[in-house]
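Listed below are the residues making up each chain.
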Amino acid sequence: MKTFPDGIQFMYPWRSYQKRVLQELDQHLHNHHLHLVAPPGSGKTVLGLEVMLRVNRPTLIVAPTLAIRNQWIQRFMELFLQTNEEIDWISSDIHNPKFVTVTTYQALHSVWSQEETSNERNKKERNVQQSNYTQLKNHPFGMLVLDEAHHLRTSWWRSTIELRDALKNPKVVALTATPPYDTSLREWDKYITLCGPIDAEIYVPELVKEGELCPHQDYIYFTSPTKEEAGPIHIFHQHVKEFYRQLTENESFTDFLENHPWVKTTEHYTEEILSMPSYFFSMLIYLKEVNSDKWSPALQLITDGEETLPTLNFEWLEEMLTFILFQDEQYQDEEVLQSIHRTLSRIGAIKRRKVTLKSNQKIERLLTRSTSKLECIEKIVHFESDHLQNDLRMVILADYIFLEDLPNSSDDQKQLVRLGVIPIFEQLRRKQKNTIKLGVLTGSVVILPVSALSMLEKIAEERHFVYETEPLPNDSNYVMLKWKSKSNHLMVSVLTKVFQKGGVECIVGTAALLGEGWDAPSINSLIMASYVGTFMLSNQMRGRAIRAQENNPNKTANIWHLVCVDLGEKDAGYDFQSLQRRFDSLMGLHVKKDILSTGIERMDVPLPLKSLHDIKQQNEETMIRARNRMHMLQRWKNAIKVDREKKEVFYSNHEKLPRPFVLENTIMGFLYSGLFIFLIMMGQEIQHLHRISGRKEIIVAFIIIAVFSGIRAVPFLYKALKGLFRNITLEKNMNQVAKALYQALYDIGLLQTALRDNKIYTEKILHGSIVVVWLKFGTIHEQKLFLNALHELLDPIQNPRYLLYRRHGRFWKRKDYHAIPEEIGKKKEYVELFLKSWQKYIDQAEYIYTRTQEGRKKLLIARTRAMSALSLDKSKRISEWR
């Protein structure tokens, strides 16, 4: 068999977003790769099957789990072949490949890795492995489908890419909901090497608009550490404050810094300082804080005395101490440093050769795993149950089971001291008093209410699932299920059906089992109690709840995120910061506006949360919003009712914007204009002084000077008026900067759409403190490239090859430095194109090459100035549906 039988086709009409991908298929497969990013529930499997039919070659489909492997076969038979009968050219056994073979990454890796280690096996087994390996390698697969491709970052990647290379130029289709954006650059490069660049994306708003996903909202429920947890956190903060006081009074340490070669003989260490400027400046900042007179001369030698230093804070202290203690090896034997090291170790402020004064590993664990979240979960469950009644279909996902926390009898009231499946189940069982139908679903532990047994028995009989039950030792209202381990996938299927039908209303399960690939469209409330998941797993877990449900057009879903707040920190502490990173890639509805975007900003959290009262007030407001699901449904309709698309959007603090020299030109223009008017008036007065000899010659001289003054005033007034008109508002100012950058990127060839054919939008938000930028047209790649460059241009300078330097000042000196973006700084001719564009849209400037001795000194000055911007909010890029 070399091609698919005739007449196989998808039995339903294609959605608009699916049509878009299929219409562009030939273009995407030009490089033999199709890399599709789409949320759970978007029909990636169906698209993969259609692409398989169109390529029309023997195909190997690889999935992460047995359940997802089976879904591929089921979907193909139901939606394309429209049959339940076994097809002889479809195989799920990698040892017996056929025209279409569906397997798992683990099975593929097993065949490949066993070939590598076959020398250690007996002859018979070695021959079998060699046969399996050769058969797979030589099978004429012309297409390789990688489902949930984000799994390919481990040893599975090596086996898969070796298979790809062994095949004869196959088409590779990579499908994922969650590209590994949060991985290292090395891992990302490996991922792209196999999957190819991202070709197409399907977005959540598109799917909600098409009815494939339901309207949904994320909510954050805050808590504070328990008394037992708060004690160590408070003690750590007190120890750090005391350490700070002692260090700033430590004369021996101050003397050590004053005699540090970088401070004492700064001019001899320019190259070293430039390699680690933050260390150098942190020492000067410390010396300034303790009123030493040594910081100013050192700073003047580097910066000509034109710059100032920020005040000392924990971030600068961490920077300085980390380098002194762990990187500046020549001083590690100093007694004063060893004493500081011992103190920091004693108070727990060192983590992996890094000084951490704001938090430590113990505090991070206390916050993320806080047992105060058990009470939060109970309150959320009570709230949702009270609101949804019998319609509640809630899932709570945790990382670990902790079966040993299950009481042995009704009298055994074990204290719940950790966050996991059984502790959560116990918290709810004890507090809810059988008001909801509660269950546990993991790969090894299943607990059901007795009331669900009749429904379970009927469904199990239909699906030939064999099981046994035994009463829960501490509560006769519940039973534990026992089954053969080989029937795991069948067990999940049966229990899912029981849940769908309402035999269980709230399931507590593991993220490993239910977080990815599990299909239960009835879920309308999800509590994410996982704390070890990456962004990818977070997105997968969230995707379980937002699937649309057949015959329920008004379905909505609430997704609850739990955060334990460190009230001693302005940024709310490690747990909130971890959640913030997750939200950077989760698109959803703003809690107050009918806007769809990524980023924690859409949650409108009023940081800092300073007290328990603040936490309580924030949670009460959250509950009020979460209660009105129909309002949320309408807001989604408002957000997607007009034709919009995903845009990459840039947020920047207005204080970072480079302004033209409008005032300077205005003053010069007025001076020359004033001189012109003054001389004309004087000329008129002279006409009346008849007795002055040579009156005619004087008048002529006055007129000549006046005309000259008037002419000189014109360019200054023109520049001032032009600059004022172009930059009269902050958003106009940003627009000019963005145009200058866009034109340069277009001239270089990195952007394909000319500026005249595109439009740059800018607007102010948050009372004018933030300016937002986005492009009307351009691919996602072009949008990201442009905004990345804008980010480099406006944010604090790091180590660019070229600086943009602006100097102006007849009445006062003003110098501005900006990093020329990396993509432009690759070639000198690119930099010159950028300078030309800058002079057209902004004003005069020059560039500095920072890889010379003089250029590196200018870079140090620029880095010093950039330190003052560290206190400002960082620019950031998010995605919005505009």
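Computed from a predicted structure; not experimentally measured. (Residues numbered from 1 in each chain as written. Predicted model: local features only at pLDDT ≥ 70, side-chain atom pairs only at ≥ 80, totals over all residues. Heavy atoms only, no water.)

A.B. asks: Explain the overall build of the chain to me, please; I cannot follow it from the model alone.
C.D. replies: Of the regular secondary structure elements, the chain holds 34 helices and 25 strands. Residue pairs in contact within the chain that sit at least 24 positions apart in sequence constitute 74% of those at least 6 positions apart. Working note: accessible area of the chain is about 41,500 Å², and carbon and sulfur atoms make up 50% of it. (Helix = DSSP H or I, 4+ residues; strand = E, 2+ residues; numbered from the N terminus. Contact = heavy atoms within 4.5 Å. Areas by Shrake-Rupley, 256 points an atom, 1.4 Å probe, with all protein chains shown as cover.)

A.B. asks: Hey, could you run me through the packing of helix α30 (residues 730-748) against helix α33 (residues 828-841) in this one?
C.D. replies: In a packed pair of helices, the relevant descriptors are the angle between the two axes and the axis-to-axis distance. Following both chains from N to C, one finds α30 and α33 inclined at 145°, their axes separated by 8 Å at the closest point. For α30 against α33, the interelement crossing comes out right-handed. Judged by residue contacts, Q736, V737, K739, A740, L741, Q743, A744, D747 and I748 of α30 engage Y830, L833, F834, S837, W838 and Y841 from α33. Its residues assigned to classes, the contact of α30 with α33 comprises ten nonpolar, three polar and two charged. (Axes fitted to C-alpha atoms, helices over the stretch in contact; angles between N-to-C directions. Left-handed = near helix turned anticlockwise from the far one by under 90°. Nonpolar A, V, L, I, M, F, W, Y, C, P; charged D, E, K, R; others polar.)

A.B. asks: Whenever I open this one, the sheet that holds strand β1 (residues 33-37) confuses me. Can you help?
C.D. replies: What holds strands together in a sheet is hydrogen bonding between their backbones, with the strands either parallel or antiparallel. In spatial order, the strands read β3-β4-β2-β5-β6-β1-β7; together these seven strands make up an open sheet with parallel pairing. The open sheet is flanked by β3 (90-91) and β7 (200-201), the only strands paired with a single partner. Inspection of the sheet shows β3 paired to strand β4 (residues 100-104) by two bridges, in the parallel sense. From the neighbouring strand, S91 faces β4, where its bridge partner is T101. Relative to the sheet, helix α4 (residues 66-81) contacts β2 (59-63), β3, β4, β5 (143-147) and β6 (171-176), its axis offset from that of β4 by approximately 150°. (Pairing = 2+ DSSP bridges.)

A.B. asks: Honestly, the confidence of the model for the chain in this entry has me stumped. Any pointers?
C.D. replies: One rule of thumb: low pLDDT means the predicted coordinates there are not for detailed reading. Per-residue confidence for the chain gives a mean pLDDT of 85, with 85% of residues at or over 70. Ignoring residues within four places in sequence, the model shows residues 661-676, a span with pLDDT below 50, making 40 contacts including any to other chains. Long-range and interchain partners of residues 716-727, a stretch whose pLDDT sits below 50, account for 26 contacts in this model, where long-range means more than four residues apart. (pLDDT = per-residue confidence, 0-100.)

A.B. asks: Which parts of the structure should I look at to understand the pairing of strand β11 (residues 446-449)?
C.D. replies: Looking down a regular strand, the side chains alternate between one sheet face and the other. Covered by surrounding structure in β11 are V446 and L448 together with I447 and P449, the residues of both alternating faces. Direction of pairing for strand β10 (residues 438-441) relative to β11: antiparallel, over a ladder of two bridges. Across the sheet, the residue bridging to L441 is V446, located in β11. Pairing geometry for β11 and strand β13 (residues 475-483), over three bridges, is antiparallel. The residue of β13 that forms the bridge with I447 is M480. (Buried < 20%, exposed > 50% of the residue type's maximum accessible area, 1.4 Å probe, protein only.)

A.B. asks: Before we go on, may I ask you to explain the packing of aromatic side chains in this structure?
C.D. replies: Each aromatic ring pair is characterised by the separation of its centres together with the angle its planes make. Evaluation of the coordinates by the stated rule reveals 32 aromatic pairs. Aromatic pair W262 and F323: ring centres 6.4 Å apart, planes at 45°, arrangement tilted. With a gap of 61 residues between them, W262 in helix α12 (residues 261-264) and F323 in helix α16 (residues 314-326) connect regions that are remote in the sequence. The exposure class of F323 is buried, given its relative accessible area of 12%. An angle of 35° between the planes, with centres 6.2 Å apart, marks the rings of F499 and W518 as tilted. Residue F499 is located in helix α22 (residues 488-500), and its partner W518 is located in the loop between α23 (511-514) and β15 (525-528); the two are separated by 19 residues in the primary sequence. F499 sits in the buried class, given a relative accessible area of 0%. Through a chain of ring-to-ring contacts, three or more aromatic side chains come together here, namely F4, F10, Y12, W14, F76, F80, W89 and F99. (Phe/Tyr/Trp six-rings, centres within 6.5 Å; stacked < 30°, edge-to-face > 60°.)

A.B. asks: Is there a simple way to explain the nonpolar core in this structure?
C.D. replies: Note that soluble globular proteins tend to have their nonpolar side chains buried in a common cluster. Ranked by size, the top nonpolar core spans 86 residues in total, and within it F4, F76, F80, W89, V100 and L495 carry the most contacts. Ignoring sequence-local partners within four residues, the contact set of L495 consists of L441, V446, L448, L456 and L481. Membership of the second largest hydrophobic core comes to 60 residues, among which are I233, F256, I302 and A862. (Core = buried A, V, L, I, M, F, W, Y, C linked by side-chain atoms within 4.5 Å.)

A.B. asks: Help me out: how do you make sense of the pairing of β4 in this one?
C.D. replies: Counting buried residues in β4 gives five out of five residues, a clear majority hidden from the surface. Sheet analysis places β2 next to β4, joined by five bridges and oriented parallel. Following the sheet pairing, I61 is matched in β4 by V102.

A.B. asks: Honestly, the side chain of R602 in this entry has me stumped. Any pointers?
C.D. replies: Along the polypeptide, R602 turns up in the loop between β18 (596-597) and α26 (612-627). One polar contact links the side chain of R602 to the main-chain carbonyl oxygen of L589, over a distance of 3.3 Å. The contacts of R602, once residues within four sequence positions are left out, are Q217, D218, R542, F583, L586, M587, G588, L589, H590, V591 and S597. (Polar contact = N/O pair within 3.5 Å; in protein donor to acceptor, adjacent residues only side chain to side chain.)

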